[in-house]
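# Analysis of the macromolecular model
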Amino acid sequence: MARRPPLTRELVLRTAVSLADGSGATSLTMRALARNLGVEAMSLYHHVANKEDLLDGMVDLVFAEIALPVAGKDWRTQIRRRCMSAREVLLRHPWAIGFVESRTAPSPATLRHHEAVLACLRQAGFSVRLAAHAFALIDAQLFGQVVQEVNLPFSDSQGAAEVAGSMLEGAAPVELPYLTEIAVEHVMKPGYAFGDEYAYGLDLILDALEQRRPTEA
């Protein structure tokens, strides 16, 4: 019989993240977590103070997976890389969307992440005000995109085409000419991926910020 690994804070947190990935963080209970680890619930409190401390640690693990931008290098390349990485991470952990910006006691990886983004912007010549606007804007697009993606009624190009086709079924093209046009000429094309819209929108935002950067430095 295999020996159970010793209980540690990291094991507790990683197990909690795995459970949340499957059923969501709101349904995660200390009892369910303990049962999954094969211990009594009281044993968990040697490693996490309470549910809030557990959530803080889980969010910290998520932030630790996101690629950090490097200050002093091309800011646009670095921020774009960070944003694309963040989307991938949040799609792996969709429960985190409701928690990443709600923690009042952020842990080390969370703080390092925020510091790295701001350092990249400030050292690229962004004013304090423009850096704050940029951070808020790129994350608003990021979180909005992920919320849309995880709630879409399709997961691939074929599914998108089927949903678009069923939406337009029975409707005369003359009644919905522009909706029909975008469905037929864009969404229903082979290889369509809603996720591609994220990169397009992100590039528009970064282009606009680059235009503002010299005037607000």
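Note: the structure precedes this text.
Here goes a summary of the coordinates provided. (Residues numbered from 1 in each chain as written. Predicted model: local features only at pLDDT ≥ 70, side-chain atom pairs only at ≥ 80, totals over all residues. Heavy atoms only, no water.)

The subject of this paragraph is the overall build of the protein chain. Per the secondary structure count, the protein chain includes ten helices and zero strands. Counted from the first residue to the last, the protein chain has its helices and strands arranged as α-α-α-α-α-α-α-α-α-α. Against the compact-globule benchmark of 17 Å for 217 residues, the protein chain has a radius of gyration of 21 Å, which places it well outside the compact range. With respect to the three principal axes, the spread of C-alpha positions in the protein chain is 65 × 50 × 30 Å. Looking at the protein chain as a whole, 42% of its 217 residues are labelled buried. Contacts spanning at least 24 positions in sequence make up 73% of the contacts within the protein chain whose residues lie at least 6 apart. The centroid of the 21 positive side-chain charges in the protein chain is displaced by 10 Å from the centroid of its 26 negative side-chain charges. (Helix = DSSP H or I, 4+ residues; strand = E, 2+ residues; numbered from the N terminus. Rg over C-alpha atoms; globule rule 2.2 N^0.38 Å. Buried < 20%, exposed > 50% of the residue type's maximum accessible area, 1.4 Å probe, protein only. Contact = heavy atoms within 4.5 Å. Lys, Arg positive; Asp, Glu negative; His and termini not counted. Charge placed at Lys NZ, Arg CZ, Asp CG, Glu CD.)

Axis separation between helix H5 (residues 75–92) and helix H6 (residues 108–123) bottoms out at 9 Å; the angle between their running directions is 155°. Between H5 and H6, the angle falls in the class roughly antiparallel. As for the relative orientation of H5 and H6, their crossing is left-handed in sense. Residues Trp 75, Gln 78, Ile 79 and Arg 82 of H5 form the contact with H6, whose participating residues are His 113, Val 117, Cys 120 and Leu 121. Its residues assigned to classes, the contact of H5 with H6 shows five nonpolar, two polar and one charged. (Axes fitted to C-alpha atoms, helices over the stretch in contact; angles between N-to-C directions. Parallel < 35°, antiparallel > 145°, perpendicular 65-115°, else oblique. Left-handed = near helix turned anticlockwise from the far one by under 90°. Nonpolar A, V, L, I, M, F, W, Y, C, P; charged D, E, K, R; others polar.)

Another point: the side chain of Gln 141. Mapping Gln 141 onto the fold places it in helix H7 (residues 128–151). Residue Gln 141 is classed as buried on the basis of its relative accessible area, which comes to 17%. Of note is the side chain of Gln 141, whose polar atom sits 3.1 Å from the backbone oxygen of Tyr 198. (Polar contact = N/O pair within 3.5 Å; in protein donor to acceptor, adjacent residues only side chain to side chain.)

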